[in-house]
Amino acid sequence: MGTILFYIFESTLCLTILYFLFRLFFRKDTLFRTNRFLLLMGTVVCTLLPLLQIDVPQYTTLQLPITTVRHLLTEKEVNIERERGVGEKHLSGEENLFMAGKGDDTEENHANVIQAIPVTLLLGGCYFIGALVVLTFLLFSTIRMRRLIHSYPACNYGKYKLIICPEKIVSFSWGNTIVLSQEDYERNPGEILLHEQMHLQHRHTWDLLWMECIMILHWFNPAAWLLMRELREVHEYEADNGVINNGIDATEYQLLLVKKSVGTRLYSMACGFNHSKLKNRITMMLKRRTNNWARLKLLLFVPVAAGTLYAFARPEVKKTVEQVINNPVSVKQDSVQEGELQQLEAFFTHKANDAMGGKKEYRPEKPMRTCNFFVNMNNKMMLDQELIKEYDVETLSIRLTNLLRNSYQKAVKQDEDQLFVLLVKYDRGSSSTAITSYLRTIKEAYLQVRGEISGELGGVSEARLDSLLPIFVSFGEPKIYSYKYKTASDLFLPIEVSLYPKGGTSSVIKNPSLQELESKLKNYKTIANSDGLSIGLKFDKDVTMGMVQDVKEVIRTTLSDK
(Lines give C-alpha, C1' and ligand atoms only; values in the text may rest on other atoms or scores of the structure.)
Protein backbone atom coordinates (compact mmCIF):
# COMPACT_ATOMS: atom_id res chain seq x y z
CA MET A 1 0.00 0.00 0.00
CA GLY A 2 2.78 2.40 0.95
CA THR A 3 4.54 1.85 -2.38
CA ILE A 4 1.36 2.67 -4.32
CA LEU A 5 0.78 5.82 -2.28
CA PHE A 6 4.36 6.94 -2.82
CA TYR A 7 4.04 6.42 -6.58
CA ILE A 8 0.87 8.53 -6.57
CA PHE A 9 2.73 11.19 -4.55
CA GLU A 10 5.58 11.34 -7.08
CA SER A 11 3.28 11.46 -10.10
CA THR A 12 1.22 14.17 -8.36
CA LEU A 13 4.34 16.32 -8.10
CA CYS A 14 5.04 15.76 -11.79
CA LEU A 15 1.51 16.73 -12.83
CA THR A 16 1.67 19.88 -10.69
CA ILE A 17 4.95 20.92 -12.31
CA LEU A 18 3.50 20.21 -15.77
CA TYR A 19 0.46 22.39 -15.11
CA PHE A 20 2.44 25.38 -13.88
CA LEU A 21 4.90 25.18 -16.79
CA PHE A 22 2.04 24.98 -19.29
CA ARG A 23 0.25 27.84 -17.59
CA LEU A 24 3.35 30.07 -17.58
CA PHE A 25 4.86 29.39 -21.00
CA PHE A 26 2.34 27.78 -23.39
CA ARG A 27 -1.25 28.61 -22.53
CA LYS A 28 -1.44 31.84 -24.56
CA ASP A 29 0.15 30.39 -27.71
CA THR A 30 -1.94 29.70 -30.80
CA LEU A 31 0.05 26.56 -31.58
CA PHE A 32 -2.92 24.40 -30.67
CA ARG A 33 -1.56 21.11 -31.98
CA THR A 34 1.70 21.64 -30.07
CA ASN A 35 -0.15 22.48 -26.86
CA ARG A 36 -2.37 19.44 -27.24
CA PHE A 37 0.67 17.21 -27.80
CA LEU A 38 2.35 18.76 -24.76
CA LEU A 39 -0.61 18.10 -22.46
CA LEU A 40 -1.06 14.52 -23.63
CA MET A 41 2.59 13.47 -23.70
CA GLY A 42 3.26 15.45 -20.54
CA THR A 43 0.68 13.44 -18.60
CA VAL A 44 2.08 10.20 -20.03
CA VAL A 45 5.58 11.17 -18.88
CA CYS A 46 4.23 12.15 -15.46
CA THR A 47 2.84 8.63 -15.00
CA LEU A 48 6.02 6.91 -16.20
CA LEU A 49 8.73 9.13 -14.70
CA PRO A 50 8.25 7.90 -11.10
CA LEU A 51 8.74 4.32 -12.34
CA LEU A 52 12.24 5.15 -13.58
CA GLN A 53 15.06 4.86 -11.09
CA ILE A 54 18.55 6.32 -11.25
CA ASP A 55 21.41 6.02 -8.78
CA VAL A 56 23.36 8.89 -7.26
CA PRO A 57 26.53 8.69 -5.14
CA GLN A 58 24.74 10.07 -2.07
CA TYR A 59 21.67 11.99 -1.01
CA THR A 60 21.55 15.77 -1.37
CA THR A 61 19.17 18.45 -0.09
CA LEU A 62 17.06 18.11 -3.26
CA GLN A 63 16.31 14.45 -2.51
CA LEU A 64 15.71 14.86 1.22
CA PRO A 65 11.98 15.84 1.12
CA ILE A 66 11.17 13.04 -1.34
CA THR A 67 13.17 10.56 0.74
CA THR A 68 11.35 11.60 3.90
CA VAL A 69 7.97 10.90 2.32
CA ARG A 70 9.24 7.61 0.87
CA HIS A 71 10.26 6.30 4.25
CA LEU A 72 7.12 7.58 5.97
CA LEU A 73 4.98 5.63 3.50
CA THR A 74 7.08 2.55 2.79
CA GLU A 75 9.85 2.02 5.32
CA LYS A 76 7.62 2.02 8.39
CA GLU A 77 5.22 -0.34 6.69
CA VAL A 78 8.00 -2.88 6.24
CA ASN A 79 9.11 -2.50 9.84
CA ILE A 80 5.58 -2.98 11.18
CA GLU A 81 5.16 -6.19 9.22
CA ARG A 82 8.14 -7.53 11.11
CA GLU A 83 6.64 -6.29 14.38
CA ARG A 84 3.48 -8.35 13.92
CA GLY A 85 5.24 -11.67 14.37
CA VAL A 86 7.49 -10.58 17.17
CA GLY A 87 5.44 -9.21 20.04
CA GLU A 88 6.70 -6.84 22.69
CA LYS A 89 10.32 -5.63 22.58
CA HIS A 90 12.49 -5.29 25.69
CA LEU A 91 14.83 -2.34 25.23
CA SER A 92 17.58 -0.97 27.41
CA GLY A 93 18.10 2.72 28.07
CA GLU A 94 20.63 2.92 25.25
CA GLU A 95 18.21 1.19 22.89
CA ASN A 96 15.54 3.78 23.70
CA LEU A 97 17.92 6.46 22.46
CA PHE A 98 18.82 4.24 19.54
CA MET A 99 15.21 3.87 18.47
CA ALA A 100 13.73 7.24 19.18
CA GLY A 101 16.31 9.96 19.61
CA LYS A 102 15.92 12.33 22.56
CA GLY A 103 13.21 12.07 25.15
CA ASP A 104 11.00 9.33 23.65
CA ASP A 105 10.31 6.25 25.74
CA THR A 106 9.90 2.72 24.49
CA GLU A 107 6.13 2.47 24.90
CA GLU A 108 5.55 5.66 22.91
CA ASN A 109 7.80 4.46 20.11
CA HIS A 110 6.13 1.10 20.05
CA ALA A 111 2.70 2.74 19.90
CA ASN A 112 3.81 5.08 17.09
CA VAL A 113 5.16 2.15 15.11
CA ILE A 114 1.99 0.15 15.56
CA GLN A 115 -0.10 3.11 14.43
CA ALA A 116 1.90 3.50 11.20
CA ILE A 117 0.09 0.71 9.39
CA PRO A 118 -3.43 1.94 10.24
CA VAL A 119 -2.50 5.44 9.05
CA THR A 120 -1.17 4.04 5.78
CA LEU A 121 -4.24 1.87 5.37
CA LEU A 122 -6.47 4.83 6.17
CA LEU A 123 -4.81 6.97 3.52
CA GLY A 124 -4.97 4.12 1.03
CA GLY A 125 -8.61 3.44 1.82
CA CYS A 126 -9.57 7.10 1.37
CA TYR A 127 -7.66 7.23 -1.91
CA PHE A 128 -9.35 4.16 -3.39
CA ILE A 129 -12.80 5.23 -2.20
CA GLY A 130 -12.32 8.61 -3.86
CA ALA A 131 -11.12 6.97 -7.07
CA LEU A 132 -14.15 4.66 -7.01
CA VAL A 133 -16.51 7.63 -6.58
CA VAL A 134 -14.98 9.47 -9.55
CA LEU A 135 -15.06 6.31 -11.66
CA THR A 136 -18.71 5.78 -10.75
CA PHE A 137 -19.60 9.34 -11.73
CA LEU A 138 -17.84 9.03 -15.09
CA LEU A 139 -19.47 5.67 -15.81
CA PHE A 140 -22.85 7.14 -14.95
CA SER A 141 -22.19 10.05 -17.31
CA THR A 142 -21.13 7.66 -20.07
CA ILE A 143 -24.22 5.48 -19.60
CA ARG A 144 -26.51 8.53 -19.85
CA MET A 145 -24.76 9.62 -23.02
CA ARG A 146 -25.00 6.17 -24.63
CA ARG A 147 -28.67 5.91 -23.72
CA LEU A 148 -29.31 9.24 -25.42
CA ILE A 149 -27.36 8.18 -28.53
CA HIS A 150 -29.27 4.91 -28.83
CA SER A 151 -32.66 6.49 -28.13
CA TYR A 152 -32.92 8.21 -31.52
CA PRO A 153 -32.28 7.05 -35.11
CA ALA A 154 -28.95 7.89 -36.69
CA CYS A 155 -28.20 8.85 -40.27
CA ASN A 156 -24.90 8.87 -42.12
CA TYR A 157 -23.01 12.14 -42.31
CA GLY A 158 -19.96 11.35 -44.38
CA LYS A 159 -17.92 8.83 -42.39
CA TYR A 160 -19.69 9.83 -39.17
CA LYS A 161 -23.16 9.25 -37.73
CA LEU A 162 -25.53 12.13 -37.11
CA ILE A 163 -28.33 12.04 -34.53
CA ILE A 164 -30.98 14.76 -34.29
CA CYS A 165 -32.27 14.93 -30.73
CA PRO A 166 -35.68 16.58 -30.07
CA GLU A 167 -34.66 17.23 -26.45
CA LYS A 168 -33.20 20.57 -25.42
CA ILE A 169 -29.54 19.62 -25.05
CA VAL A 170 -26.14 21.05 -25.85
CA SER A 171 -24.84 19.59 -29.10
CA PHE A 172 -21.85 17.29 -28.67
CA SER A 173 -19.76 14.63 -30.37
CA TRP A 174 -18.39 11.34 -29.14
CA GLY A 175 -16.49 8.57 -30.89
CA ASN A 176 -17.78 8.75 -34.46
CA THR A 177 -21.19 10.20 -33.58
CA ILE A 178 -22.45 13.80 -33.67
CA VAL A 179 -25.53 14.64 -31.61
CA LEU A 180 -27.35 17.88 -32.44
CA SER A 181 -30.43 19.29 -30.80
CA GLN A 182 -33.43 19.90 -33.05
CA GLU A 183 -33.06 23.63 -32.46
CA ASP A 184 -29.39 23.74 -33.54
CA TYR A 185 -30.11 21.61 -36.61
CA GLU A 186 -32.87 23.95 -37.80
CA ARG A 187 -31.14 27.29 -37.07
CA ASN A 188 -27.37 26.82 -37.48
CA PRO A 189 -26.65 23.36 -38.88
CA GLY A 190 -23.56 24.29 -40.92
CA GLU A 191 -21.37 25.94 -38.30
CA ILE A 192 -22.24 23.60 -35.43
CA LEU A 193 -21.96 20.45 -37.54
CA LEU A 194 -18.60 21.59 -38.85
CA HIS A 195 -17.41 22.39 -35.33
CA GLU A 196 -18.34 18.94 -34.04
CA GLN A 197 -16.87 17.36 -37.16
CA MET A 198 -13.54 19.04 -36.35
CA HIS A 199 -13.63 17.41 -32.89
CA LEU A 200 -14.08 13.98 -34.45
CA GLN A 201 -11.57 14.64 -37.20
CA HIS A 202 -8.86 15.46 -34.63
CA ARG A 203 -9.86 12.42 -32.51
CA HIS A 204 -10.44 14.46 -29.37
CA THR A 205 -12.46 11.60 -27.88
CA TRP A 206 -9.30 9.56 -27.27
CA ASP A 207 -7.67 12.52 -25.54
CA LEU A 208 -10.60 12.80 -23.16
CA LEU A 209 -10.56 9.08 -22.39
CA TRP A 210 -6.91 9.28 -21.41
CA MET A 211 -7.45 12.35 -19.26
CA GLU A 212 -10.39 10.69 -17.55
CA CYS A 213 -8.03 7.87 -16.52
CA ILE A 214 -5.63 10.47 -15.11
CA MET A 215 -8.47 12.07 -13.17
CA ILE A 216 -9.48 8.73 -11.68
CA LEU A 217 -5.93 8.13 -10.45
CA HIS A 218 -5.49 11.74 -9.32
CA TRP A 219 -8.99 12.69 -8.24
CA PHE A 220 -7.58 14.54 -5.21
CA ASN A 221 -5.05 16.54 -7.22
CA PRO A 222 -6.27 19.95 -8.44
CA ALA A 223 -3.56 19.92 -11.12
CA ALA A 224 -5.21 16.91 -12.82
CA TRP A 225 -8.57 18.68 -13.06
CA LEU A 226 -6.93 21.88 -14.23
CA LEU A 227 -5.00 19.99 -16.92
CA MET A 228 -8.28 18.45 -18.11
CA ARG A 229 -9.76 21.95 -18.34
CA GLU A 230 -6.75 23.18 -20.30
CA LEU A 231 -7.03 20.25 -22.72
CA ARG A 232 -10.73 20.91 -23.28
CA GLU A 233 -9.96 24.54 -24.08
CA VAL A 234 -7.24 23.49 -26.53
CA HIS A 235 -9.77 21.16 -28.17
CA GLU A 236 -12.21 24.04 -28.62
CA TYR A 237 -9.49 26.33 -29.98
CA GLU A 238 -8.44 23.62 -32.45
CA ALA A 239 -12.04 22.99 -33.54
CA ASP A 240 -12.78 26.73 -33.88
CA ASN A 241 -9.62 27.18 -35.95
CA GLY A 242 -10.70 24.31 -38.20
CA VAL A 243 -14.15 25.89 -38.71
CA ILE A 244 -12.68 29.25 -39.75
CA ASN A 245 -10.12 27.59 -42.04
CA ASN A 246 -13.00 25.85 -43.83
CA GLY A 247 -14.45 29.18 -45.02
CA ILE A 248 -16.92 30.10 -42.26
CA ASP A 249 -16.98 33.85 -41.63
CA ALA A 250 -15.20 34.53 -38.33
CA THR A 251 -17.52 37.38 -37.28
CA GLU A 252 -20.69 35.37 -37.86
CA TYR A 253 -19.19 32.39 -36.07
CA GLN A 254 -18.28 34.52 -33.06
CA LEU A 255 -21.83 35.90 -32.94
CA LEU A 256 -23.11 32.35 -32.95
CA LEU A 257 -20.86 31.54 -29.99
CA VAL A 258 -22.33 34.48 -28.10
CA LYS A 259 -25.89 33.27 -28.80
CA LYS A 260 -25.04 29.74 -27.71
CA SER A 261 -23.01 30.78 -24.64
CA VAL A 262 -25.80 29.85 -22.20
CA GLY A 263 -26.21 26.09 -21.85
CA THR A 264 -25.83 23.14 -19.52
CA ARG A 265 -23.14 20.51 -19.86
CA LEU A 266 -24.85 17.18 -19.27
CA TYR A 267 -22.31 14.77 -20.65
CA SER A 268 -18.91 15.56 -19.17
CA MET A 269 -16.96 13.04 -21.23
CA ALA A 270 -18.14 14.36 -24.60
CA CYS A 271 -16.80 17.18 -26.77
CA GLY A 272 -19.49 19.83 -26.48
CA PHE A 273 -20.08 23.06 -28.39
CA ASN A 274 -20.07 25.24 -25.23
CA HIS A 275 -17.44 23.48 -23.15
CA SER A 276 -14.87 26.29 -23.21
CA LYS A 277 -15.07 29.86 -21.94
CA LEU A 278 -16.50 32.15 -24.61
CA LYS A 279 -14.10 35.03 -24.01
CA ASN A 280 -11.03 32.81 -24.35
CA ARG A 281 -12.28 31.24 -27.57
CA ILE A 282 -12.99 34.57 -29.22
CA THR A 283 -9.64 35.96 -28.01
CA MET A 284 -7.80 33.04 -29.58
CA MET A 285 -9.61 33.56 -32.90
CA LEU A 286 -8.61 37.21 -32.97
CA LYS A 287 -5.09 36.72 -31.69
CA ARG A 288 -2.06 36.97 -33.92
CA ARG A 289 -0.57 33.61 -34.83
CA THR A 290 2.31 32.49 -32.59
CA ASN A 291 5.67 32.11 -34.34
CA ASN A 292 6.67 28.51 -34.97
CA TRP A 293 9.97 29.15 -33.19
CA ALA A 294 7.93 29.19 -29.97
CA ARG A 295 7.95 25.39 -30.17
CA LEU A 296 11.55 25.57 -28.92
CA LYS A 297 10.07 26.30 -25.51
CA LEU A 298 9.41 22.57 -25.32
CA LEU A 299 13.12 22.19 -24.57
CA LEU A 300 12.37 23.67 -21.14
CA PHE A 301 11.01 20.28 -20.15
CA VAL A 302 14.37 18.55 -20.66
CA PRO A 303 16.12 20.11 -17.62
CA VAL A 304 12.87 20.01 -15.64
CA ALA A 305 12.44 16.26 -16.29
CA ALA A 306 16.12 15.65 -15.51
CA GLY A 307 15.85 17.60 -12.25
CA THR A 308 12.70 15.74 -11.26
CA LEU A 309 14.30 12.38 -12.01
CA TYR A 310 17.32 13.42 -9.94
CA ALA A 311 15.04 14.43 -7.05
CA PHE A 312 13.47 10.93 -7.16
CA ALA A 313 16.88 9.21 -7.24
CA ARG A 314 18.34 6.97 -4.56
CA PRO A 315 21.99 6.52 -3.62
CA GLU A 316 23.68 3.60 -5.31
CA VAL A 317 25.13 0.66 -3.46
CA LYS A 318 27.97 -0.45 -5.72
CA LYS A 319 28.69 -4.14 -6.01
CA THR A 320 31.59 -5.94 -7.59
CA VAL A 321 29.92 -8.99 -9.07
CA GLU A 322 31.07 -7.77 -12.48
CA GLN A 323 34.69 -8.04 -11.34
CA VAL A 324 34.09 -11.66 -10.39
CA ILE A 325 32.62 -12.42 -13.81
CA ASN A 326 35.47 -10.71 -15.65
CA ASN A 327 38.24 -12.40 -13.66
CA PRO A 328 36.97 -15.50 -11.86
CA VAL A 329 40.37 -17.28 -11.92
CA SER A 330 42.23 -14.72 -9.84
CA VAL A 331 40.07 -15.01 -6.71
CA LYS A 332 41.25 -16.80 -3.61
CA GLN A 333 39.58 -19.88 -2.25
CA ASP A 334 36.30 -19.25 -0.40
CA SER A 335 36.51 -15.52 -1.04
CA VAL A 336 33.51 -13.23 -0.79
CA GLN A 337 33.52 -10.34 -3.26
CA GLU A 338 32.81 -7.14 -1.36
CA GLY A 339 30.32 -4.42 -2.21
CA GLU A 340 30.73 -0.81 -1.15
CA LEU A 341 29.21 -1.41 2.28
CA GLN A 342 31.66 -4.21 3.04
CA GLN A 343 34.54 -2.19 1.60
CA LEU A 344 33.76 0.73 3.90
CA GLU A 345 33.54 -1.53 6.92
CA ALA A 346 36.83 -3.16 5.91
CA PHE A 347 38.46 0.27 5.50
CA PHE A 348 37.52 1.35 9.02
CA THR A 349 38.47 -2.04 10.46
CA HIS A 350 41.89 -1.82 8.80
CA LYS A 351 42.46 1.70 10.15
CA ALA A 352 41.36 0.62 13.62
CA ASN A 353 43.76 -2.32 13.53
CA ASP A 354 46.56 0.08 12.62
CA ALA A 355 45.65 2.27 15.57
CA MET A 356 45.65 -0.75 17.89
CA GLY A 357 49.05 -1.87 16.63
CA GLY A 358 47.80 -5.34 15.82
CA LYS A 359 46.41 -5.93 19.32
CA LYS A 360 43.06 -7.63 19.68
CA GLU A 361 42.08 -5.31 22.54
CA TYR A 362 43.07 -1.68 22.53
CA ARG A 363 44.56 -0.31 25.74
CA PRO A 364 44.71 3.47 25.42
CA GLU A 365 48.06 5.04 26.14
CA LYS A 366 46.77 8.56 25.43
CA PRO A 367 43.57 10.53 26.18
CA MET A 368 40.47 9.33 24.36
CA ARG A 369 37.24 10.96 23.42
CA THR A 370 34.48 8.51 22.55
CA CYS A 371 31.64 9.70 20.35
CA ASN A 372 28.60 7.52 19.64
CA PHE A 373 26.92 7.33 16.25
CA PHE A 374 23.58 5.54 16.25
CA VAL A 375 21.18 4.73 13.38
CA ASN A 376 17.66 3.55 14.18
CA MET A 377 15.27 1.43 12.15
CA ASN A 378 13.85 4.55 10.47
CA ASN A 379 17.39 5.54 9.38
CA LYS A 380 17.50 8.54 11.68
CA MET A 381 20.93 9.29 13.11
CA MET A 382 22.27 10.43 16.47
CA LEU A 383 25.80 11.81 16.56
CA ASP A 384 27.22 12.82 19.94
CA GLN A 385 23.70 12.92 21.46
CA GLU A 386 22.37 15.17 18.69
CA LEU A 387 19.59 13.88 16.45
CA ILE A 388 19.95 14.08 12.64
CA LYS A 389 17.15 13.45 10.16
CA GLU A 390 17.22 10.37 7.96
CA TYR A 391 19.47 10.63 4.89
CA ASP A 392 20.62 14.13 5.87
CA VAL A 393 24.26 13.37 5.05
CA GLU A 394 25.12 17.05 4.67
CA THR A 395 24.33 17.72 8.34
CA LEU A 396 26.19 14.55 9.32
CA SER A 397 29.24 15.68 7.36
CA ILE A 398 29.21 19.17 8.90
CA ARG A 399 28.80 17.97 12.48
CA LEU A 400 31.36 15.18 12.24
CA THR A 401 33.87 17.44 10.49
CA ASN A 402 33.50 20.01 13.28
CA LEU A 403 33.93 17.31 15.94
CA LEU A 404 37.11 16.07 14.28
CA ARG A 405 38.51 19.59 13.90
CA ASN A 406 37.73 20.48 17.50
CA SER A 407 39.30 17.25 18.75
CA TYR A 408 42.49 17.92 16.78
CA GLN A 409 42.68 21.60 17.80
CA LYS A 410 42.17 20.68 21.46
CA ALA A 411 44.97 18.13 21.24
CA VAL A 412 47.28 20.71 19.62
CA LYS A 413 46.40 23.33 22.24
CA GLN A 414 47.17 20.92 25.08
CA ASP A 415 50.28 19.68 23.27
CA GLU A 416 49.23 16.05 23.35
CA ASP A 417 47.91 13.40 21.01
CA GLN A 418 44.25 12.69 21.59
CA LEU A 419 42.44 9.72 20.15
CA PHE A 420 38.97 10.44 18.75
CA VAL A 421 36.99 7.18 18.79
CA LEU A 422 33.73 6.96 16.85
CA LEU A 423 31.53 4.06 17.96
CA VAL A 424 29.06 3.09 15.22
CA LYS A 425 25.92 1.10 16.00
CA TYR A 426 22.91 0.58 13.79
CA ASP A 427 19.59 -1.14 14.06
CA ARG A 428 19.02 -4.40 12.25
CA GLY A 429 15.97 -2.79 10.67
CA SER A 430 17.93 0.12 9.18
CA SER A 431 18.49 0.33 5.46
CA SER A 432 21.73 -0.97 3.94
CA THR A 433 21.54 1.90 1.46
CA ALA A 434 21.34 4.41 4.30
CA ILE A 435 24.22 2.79 6.24
CA THR A 436 26.38 2.79 3.11
CA SER A 437 25.68 6.47 2.55
CA TYR A 438 26.44 7.32 6.19
CA LEU A 439 29.70 5.35 6.31
CA ARG A 440 30.79 6.96 3.05
CA THR A 441 30.12 10.38 4.57
CA ILE A 442 32.07 9.49 7.73
CA LYS A 443 35.04 8.37 5.66
CA GLU A 444 34.96 11.56 3.57
CA ALA A 445 34.79 13.72 6.74
CA TYR A 446 37.88 12.00 8.17
CA LEU A 447 39.80 12.36 4.92
CA GLN A 448 38.78 16.01 4.59
CA VAL A 449 40.03 16.98 8.05
CA ARG A 450 43.21 14.96 7.64
CA GLY A 451 43.78 16.74 4.33
CA GLU A 452 43.39 20.10 6.11
CA ILE A 453 45.92 19.02 8.73
CA SER A 454 48.35 17.92 6.05
CA GLY A 455 47.95 21.28 4.30
CA GLU A 456 48.60 23.21 7.52
CA LEU A 457 51.81 21.28 8.14
CA GLY A 458 53.04 21.61 4.58
CA GLY A 459 52.42 17.98 3.69
CA VAL A 460 53.02 15.01 5.96
CA SER A 461 53.07 11.25 5.54
CA GLU A 462 50.09 8.96 6.03
CA ALA A 463 51.77 7.53 9.14
CA ARG A 464 52.09 11.02 10.62
CA LEU A 465 48.42 11.72 9.90
CA ASP A 466 47.53 8.46 11.64
CA SER A 467 49.37 9.77 14.66
CA LEU A 468 47.81 13.24 14.58
CA LEU A 469 44.26 12.16 13.74
CA PRO A 470 43.87 8.39 13.54
CA ILE A 471 40.76 7.00 11.87
CA PHE A 472 39.43 4.96 14.73
CA VAL A 473 35.90 3.80 13.95
CA SER A 474 34.63 0.90 16.00
CA PHE A 475 31.53 -1.08 15.03
CA GLY A 476 29.24 -2.26 17.76
CA GLU A 477 27.13 -5.36 17.33
CA PRO A 478 23.96 -4.52 15.33
CA LYS A 479 20.90 -4.33 17.53
CA ILE A 480 18.87 -7.54 17.56
CA TYR A 481 15.11 -7.37 17.96
CA SER A 482 14.29 -10.98 17.03
CA TYR A 483 12.80 -10.07 13.69
CA LYS A 484 10.69 -12.65 12.00
CA TYR A 485 13.26 -13.38 9.32
CA LYS A 486 15.89 -14.08 11.98
CA THR A 487 14.02 -17.13 13.25
CA ALA A 488 12.31 -18.19 10.02
CA SER A 489 14.98 -19.90 7.94
CA ASP A 490 12.50 -20.59 5.15
CA LEU A 491 11.70 -16.90 4.53
CA PHE A 492 12.70 -15.70 1.06
CA LEU A 493 15.20 -12.84 1.14
CA PRO A 494 15.56 -9.97 -1.38
CA ILE A 495 19.11 -10.90 -2.35
CA GLU A 496 21.00 -12.40 -5.26
CA VAL A 497 23.99 -14.68 -4.63
CA SER A 498 26.36 -15.52 -7.49
CA LEU A 499 28.52 -18.62 -7.06
CA TYR A 500 31.69 -19.01 -9.15
CA PRO A 501 33.58 -22.27 -8.47
CA LYS A 502 36.93 -22.18 -10.21
CA GLY A 503 36.85 -24.72 -12.99
CA GLY A 504 33.14 -25.36 -12.41
CA THR A 505 29.80 -24.05 -13.59
CA SER A 506 28.66 -20.74 -12.13
CA SER A 507 25.20 -20.32 -10.67
CA VAL A 508 22.97 -17.50 -9.45
CA ILE A 509 20.59 -17.95 -6.52
CA LYS A 510 17.80 -15.39 -6.51
CA ASN A 511 15.68 -14.68 -3.42
CA PRO A 512 16.87 -17.72 -1.43
CA SER A 513 15.95 -18.54 2.13
CA LEU A 514 18.78 -18.78 4.66
CA GLN A 515 18.35 -22.56 4.70
CA GLU A 516 18.54 -22.79 0.90
CA LEU A 517 21.57 -20.50 0.82
CA GLU A 518 23.42 -22.60 3.37
CA SER A 519 22.66 -25.81 1.45
CA LYS A 520 23.81 -24.33 -1.90
CA LEU A 521 27.01 -23.00 -0.38
CA LYS A 522 27.90 -26.39 1.07
CA ASN A 523 27.29 -28.09 -2.28
CA TYR A 524 29.36 -25.59 -4.22
CA LYS A 525 32.12 -25.64 -1.64
CA THR A 526 32.35 -29.38 -2.15
CA ILE A 527 32.45 -28.93 -5.92
CA ALA A 528 35.03 -26.14 -5.75
CA ASN A 529 37.21 -28.05 -3.25
CA SER A 530 40.79 -26.82 -3.56
CA ASP A 531 40.16 -24.98 -6.79
CA GLY A 532 38.44 -22.16 -4.89
CA LEU A 533 34.97 -20.67 -4.67
CA SER A 534 34.07 -17.05 -5.27
CA ILE A 535 30.81 -15.53 -4.09
CA GLY A 536 29.20 -12.34 -5.33
CA LEU A 537 26.50 -10.64 -3.24
CA LYS A 538 23.86 -8.30 -4.58
CA PHE A 539 21.16 -6.86 -2.33
CA ASP A 540 18.01 -5.03 -3.31
CA LYS A 541 17.96 -1.32 -2.57
CA ASP A 542 17.09 -0.49 1.04
CA VAL A 543 17.34 -4.09 2.21
CA THR A 544 17.56 -4.07 5.99
CA MET A 545 20.91 -4.48 7.74
CA GLY A 546 19.48 -7.45 9.63
CA MET A 547 19.18 -9.39 6.38
CA VAL A 548 22.69 -8.33 5.36
CA GLN A 549 24.08 -9.56 8.68
CA ASP A 550 22.16 -12.85 8.47
CA VAL A 551 23.42 -13.59 4.95
CA LYS A 552 27.02 -12.69 5.84
CA GLU A 553 26.81 -14.88 8.93
CA VAL A 554 25.56 -17.86 6.91
CA ILE A 555 28.35 -17.38 4.36
CA ARG A 556 30.99 -16.96 7.06
CA THR A 557 29.97 -20.01 9.09
CA THR A 558 29.37 -22.23 6.06
CA LEU A 559 32.69 -21.46 4.39
CA SER A 560 34.60 -21.84 7.64
CA ASP A 561 33.19 -25.33 8.32
CA LYS A 562 35.81 -28.06 7.99
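Residues numbered from 1 in each chain as written. Predicted model: local features only at pLDDT ≥ 70, side-chain atom pairs only at ≥ 80, totals over all residues. Heavy atoms only, no water.

Visitor: Is there a simple way to explain the nonpolar core in this structure?
Guide: Nonpolar side chains in soluble globular proteins generally cluster together in the buried interior. Residues Phe 373, Leu 383, Leu 422, Tyr 438, Ile 442 and Val 551 are the most contacted members of the largest nonpolar core, which totals 55 residues. Here this core gets nine residues from one element, more than from any other, and that element is helix α16 (residues 432-456). In this view, Phe 373 contacts Met 381, Met 382, Leu 383, Leu 396, Leu 422, Leu 423, Val 424, Lys 425, Tyr 438 and Ile 442; residues no more than four positions away in its chain are not counted. Ile 8, Leu 39, Leu 49 and Ala 223 belong to the second largest nonpolar core, which has 32 residues in total. (Core = buried A, V, L, I, M, F, W, Y, C linked by side-chain atoms within 4.5 Å. Buried < 20%, exposed > 50% of the residue type's maximum accessible area, 1.4 Å probe, protein only. Helix = DSSP H or I, 4+ residues; strand = E, 2+ residues; numbered from the N terminus. Contact = heavy atoms within 4.5 Å.)

Visitor: Can you walk me through the packing of aromatic side chains in this structure?
Guide: The description of an aromatic ring pair rests on the distance of the ring centres and on the angle between the ring planes. One pass over the full model with this rule turns up twelve aromatic pairs. A centroid spacing of 5.7 Å and a plane angle of 45° characterise the contact between Phe 32 and Tyr 237, whose relative ring orientation is tilted. Of the two residues, Phe 32 sits in helix α2 (residues 32-48) while Tyr 237 sits in helix α9 (residues 222-245), which places them 205 residues apart along the sequence. Judged on exposure class, the residue Phe 32 and its partner Tyr 237 are both buried. (Phe/Tyr/Trp six-rings, centres within 6.5 Å; stacked < 30°, edge-to-face > 60°.)

Visitor: I tried to follow helix α8 (residues 204-217) on my own but got confused; where do I start?
Guide: One turn of the α-helix equals 3.6 residues, which is why residues spaced by three or four share an orientation. In a regular helix each residue adds 1.5 Å, so 14 residues correspond to 20 Å; α8 covers 20 Å between its end C-alpha atoms and thus fits that length. Buried within α8 are the following residues: His 204, Thr 205, Asp 207, Leu 208, Met 211, Glu 212, Ile 214, Met 215 and Ile 216. (Expected span 1.5 Å × (residues − 1).)

Visitor: How do you make sense of the sheet that holds strand β11 (residues 386-388) when you look at a structure like this?
Guide: Picture the strands of a sheet paired through backbone hydrogen bonds; they go either parallel or antiparallel. Pairing is mixed across the open sheet formed by five strands, whose spatial order is β11-β10-β9-β12-β13. A strand with exactly one partner marks an edge of an open sheet, and here the two such strands are β11 and β13 (472-475). The average undirected angle you get between the axes of adjacent strands in this sheet is 25°. For strand β9 (residues 368-375) and strand β10 (residues 381-383), the ladder comprises three bridges, and the chain directions are antiparallel. Bridging from a neighbouring strand, Phe 373 pairs with Leu 383 of β10. Along the sheet, α16 makes contact with β9, β10, β12 (419-426) and β13, crossing β12 at roughly 175°. (Pairing = 2+ DSSP bridges. Axes fitted to C-alpha atoms, helices over the stretch in contact; angles between N-to-C directions.)

Visitor: Explanation requested: the packing of helix α15 (residues 393-413) against α16 in the structure shown.
Guide: The angle between the axes and the distance between the axes are what describe a pair of packed helices. Their axes nearest at 9 Å, the elements α15 and α16 cross at an angle of 40°. As summarised for this structure, α15 and α16 are arranged oblique, according to the angle between their axes. In this structure, α15 crosses over α16, and the sense of that crossing is right-handed. Of α16, the residues touching α15 (which contributes Val 393, Leu 396, Ser 397, Leu 400, Thr 401, Leu 404, Arg 405 and Tyr 408) are Ser 437, Tyr 438, Thr 441, Ile 442, Ala 445, Tyr 446, Gln 448, Val 449, Glu 452, Ile 453 and Glu 456. The residue makeup of the contact of α15 with α16, split by class, is eleven nonpolar, five polar and three charged. (Parallel < 35°, antiparallel > 145°, perpendicular 65-115°, else oblique. Left-handed = near helix turned anticlockwise from the far one by under 90°. Nonpolar A, V, L, I, M, F, W, Y, C, P; charged D, E, K, R; others polar.)

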